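# Examining the three-dimensional arrangement
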Amino acid sequence: MLKQRVITAVVLLLVLLPALFFHDPAPFSFLALLFMAAAAWEWARLNGYRLPASYLVGAVCGLICAGLWWAGWLTSTQPRLWLLTGAAWVLLGSWVLRAGVPAWGQLHRGFRLGLGLLALVLTWLAVAQARQIGTNFLLSVFALVWVADIGAYFAGRTWGGRLVSRKLAASISPGKSWEGVWGGMVAVLLLAWTWTRFDLWAQPAVPSFYSHLAERGVPFVVIACLFMAAMSVVGDLFESLVKRSAGVKDSSSLLPGHGGVLDRVDALLPSLPLAMMLYTF
């Protein structure tokens, strides 16, 4: 298993890193489109769709993304769209934490499919627009999600259950603790401070996400980073809820040793649109 994880990670890095740092945003946007199409296929399977319907859903996701690309949405800002998307994720996150797994299965299958498809398309659009802004900007948003996850893991392992006995969402993901969430938040704040200091020193052509936030003052940076860290947890919990409802451990086996595409991008589903919301406003 460890060997599979290492090989898969190396292959992904060899494919994604050159595209991420290439001067033209198009290659990375295209790769992100393929990943979202694969995630849509997984989403359809998790919600009870089999062949060939699940393949059709993946193709539809890819075509919608390509249509938005052709229509010029990658280079135009949509502040209202991102504000509505952010509000929807906050409401969805509240519902997920309160309703739990049984409520998800009671929703109509077509509604669940459409909800996931919309989330994946908007995530791709946010990724593509962020890459248009600049590599430093996009990478800083990716790093926020990664650092929040790492901080939550170590804080949860070290202090989980010692300060708050009640689990974060026991029916959805029994291993997650409030201490883990707080640890992830602290890690993100440290990341934001470090990256803004780096931007001041290196003077990159495109500032990071944190430097954009810093233009509105330190209190805004702190609140925005705490909010982003919390919503990355919501994305993780949302996918865990869907998998638990479907009775599976991984969204698929597309990435040997790592599960499926959705398993790797779940926290990005709310985080990237919310980053674009904060950027455009």
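A short tour of the structure in this document, coming up. (Residues numbered from 1 in each chain as written. Predicted model: local features only at pLDDT ≥ 70, side-chain atom pairs only at ≥ 80, totals over all residues. Heavy atoms only, no water.)

### What to know about the overall build of the protein
For clarity, the cut-off: Counting from the N terminus, the helices are the DSSP runs of H or I reaching at least four residues and the strands are the DSSP runs of E reaching at least two. C-alpha atoms define the radius of gyration in this analysis, and the globule rule sets the expected value at 2.2 Å times the number of residues to the power 0.38. Burial classes follow relative accessibility: with a 1.4 Å probe on protein chains only, a residue under 20% of its type's maximum area counts as buried, one over 50% as exposed, and anything between as partly exposed. Working rule for contacts: check all heavy atoms of both residues, and any pair within 4.5 Å makes them a contact. Residue burial considers only the protein chains on display, and all accessible areas are found by Shrake-Rupley using a 1.4 Å probe. We score Asp and Glu as negative and Lys and Arg as positive, and we do not count His or the chain ends. Lys charges are placed at NZ, Arg charges at CZ, Asp charges at CG and Glu charges at CD.
Check the secondary structure of the protein and you find twelve helices and zero strands. Start at the N end of the protein and walk to the C end: the helices and strands fall as α-α-α-α-α-α-α-α-α-α-α-α. The C-alpha atoms of the protein give 18 Å as radius of gyration, which agrees with the globular expectation for 281 residues (19 Å, within 12%). With respect to the three principal axes, the spread of C-alpha positions in the protein is 50 × 50 × 45 Å. Scored against the burial criterion, the 281 residues of the protein give a buried share of 49%. Restricting the contact set of the protein to residue pairs at least 6 apart, pairs at least 24 apart contribute 75%. For the protein, the accessible surface area stands at approximately 13,900 Å², while carbon and sulfur atoms represent 69% of it. Positive and negative side-chain charges of the protein, numbering 20 and 11 respectively, have mean locations separated by a distance of 7 Å.

### Points about the environment of Trp-73
Within the secondary structure, Trp-73 sits in the loop between helix 3 (53-70) and helix 4 (79-99). On the accessibility criterion, Trp-73 (33% relative accessible area) is partly exposed. As a C-alpha pair, Trp-73 and Ala-128 span 55 residues in sequence and 9.3 Å in three-dimensional space. Here Trp-73 is in contact with Leu-68, Gln-78, Leu-81, Leu-125 and Gln-129, once residues within four sequence places are set aside.

### Some details on the layout of surface pockets
Applicable threshold: Think of a 1 Å grid over the protein atoms and nothing else: a 1.4 Å probe that fits but is trapped marks a cavity, an open set flanked by protein within 12 Å on at least five of seven lines marks a pocket, and residues with an atom within 4 Å of a point count as lining. Grid points are joined across faces, edges and corners, and a volume is the space filled by probe spheres set on the points.
The calculated volume of the second largest pocket comes to roughly 320 Å³. Along its surface, the second largest pocket is lined by 16 residues, and Ala-192, Thr-196, Arg-197, Ala-214 and Val-221 are the ones closest to its centre. Of all the secondary-structure elements, those providing two or more residues to the lining of the second largest pocket are helix 8 (178-202), helix 9 (209-214) and helix 10 (218-246). If one sorts the elements of the lining of the second largest pocket by residue count, helix 8 sits on top with seven residues.

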